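As a plain string of letters, each chain reads:
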Amino acid sequence: MTPTGNRGAGWARAMLAAAVAVNLVVLYWPRPVSDSGIPYADKVVHVAIFAVVAIAGLRARIPLAWLVGLLAVHAVSSELVQHWFLVNRSGDPADVAADLVGVAVGVVVAWKLAARTAVAATRSGGSLSS
């Protein structure tokens, strides 16, 4: 792998770590982060934070099955933790559904970004392999 490839892999892992950190803060903060009064804002936040983790995970080359499986388990377990252990939070099955939609959206977006990158590399005469 070239030094540029190592830098790209490091950047992808850093983005994944940041996305996971934001996801954990939003899900486990003692009070809901998205308590804005805007209808369905909570669901949009759930979709977004899981989509970003899915995109970052695939960019960091986490195997698809592992990533989707871990995110699905996290979607369910985070709501159980909120319900049973966080006093000012409540578990919501609709949040699990929003999380899973976010994972699906993230996978599709990551695939489209990868396809776009592959097309751009082909047009420029570059190679995707490192």
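A quick note: this is a predicted structure, and the numbers were derived from the prediction, not measured.

Engineer: Which parts of the structure should I look at to understand the overall build of the protein chain?
Structural biologist: Along its length, the protein chain carries four helices and zero strands. When the helices and strands of the protein chain are listed from N to C terminus, the series reads α-α-α-α. Here the protein chain holds 130 residues, and the buried ones make up 29% of them. Within the protein chain, residue pairs in contact and separated by at least 24 positions form 70% of the contacts whose partners lie at least 6 positions apart. Summing over all exposed atoms, the protein chain offers an accessible surface of approximately 8300 Å²; the carbon and sulfur share of this is 71%.

Engineer: Would you take a moment to explain the nonpolar core for this structure?
Structural biologist: Generally speaking, a soluble globular protein has its nonpolar side chains buried in company with each other. If you look at the biggest cluster of nonpolar residues, it comprises 19 residues, and the most contacted ones within it are Leu16, Ile49, Phe50, Val53, Leu58, Leu71 and Val103. When residues of this core are traced back to their parent elements, those giving at least two are helix H1 (3–28), helix H2 (41–59), helix H3 (64–85) and helix H4 (93–123). Of all the elements, H2 adds the most residues to this core, at six residues. For Leu58, the residues in contact, after removing those within four places along its chain, are Leu64, Leu67, Val107 and Ala110.

Engineer: What should I look at first to understand the confidence of the model for the protein chain in this one?
Structural biologist: With 87% of its residues at a pLDDT of at least 70, the protein chain reaches an overall mean of 88. Per-element confidence in the protein chain is highest for H3, whose mean pLDDT is 97, and lowest for H1, whose mean pLDDT is 88.

Engineer: Looking at this structure, how should I read the pattern of salt bridges?
Structural biologist: Between side chains of opposite charge, pairing is possible as soon as their charged atoms come close. Applying the stated criterion across every chain yields a total of three salt bridges. For the salt bridge of Lys43 with Asp42, the shortest nitrogen-to-oxygen distance reads 2.9 Å. The exposure class assigned to Asp42 is partly exposed, which follows from its relative accessible area of 24%. Between Lys43 and Asp92 there is a salt bridge, and its shortest N-O distance comes to 3.0 Å. Of this pair, Lys43 sits in helix H2 while Asp92 sits in the loop between H3 and H4; the two residues are 49 residues apart in sequence, bridging distant segments of the chain. Of the residues examined, Lys43 reaches a relative accessible area of 22% and is grouped as partly exposed. The exposure class of Asp92 is partly exposed, given its relative accessible area of 25%.

Engineer: Help me understand unusual backbone geometry in this model?
Structural biologist: Trans is the common state for peptide bonds, and a negative phi is the common state for residues other than glycine. The phi dihedral of Tyr40 falls on the positive side, at around 65°, and the residue is not glycine. Along the chain, Tyr40 falls in the loop between H1 and H2. Of note, Arg61 is a non-glycine position whose phi angle comes to about 65°, a positive value. With respect to the element layout, Arg61 can be found in the loop between H2 and H3.

The rules we used
- Residues numbered from 1 in each chain as written.
- Predicted model: local features only at pLDDT ≥ 70, side-chain atom pairs only at ≥ 80, totals over all residues.
- Heavy atoms only, no water.
- Helix = DSSP H or I, 4+ residues; strand = E, 2+ residues; numbered from the N terminus.
- Buried < 20%, exposed > 50% of the residue type's maximum accessible area, 1.4 Å probe, protein only.
- Contact = heavy atoms within 4.5 Å.
- Areas by Shrake-Rupley, 256 points an atom, 1.4 Å probe, with all protein chains shown as cover.
- Core = buried A, V, L, I, M, F, W, Y, C linked by side-chain atoms within 4.5 Å.
- pLDDT = per-residue confidence, 0-100.
- Salt bridge = Lys/Arg side-chain N within 4 Å of Asp/Glu carboxyl O.

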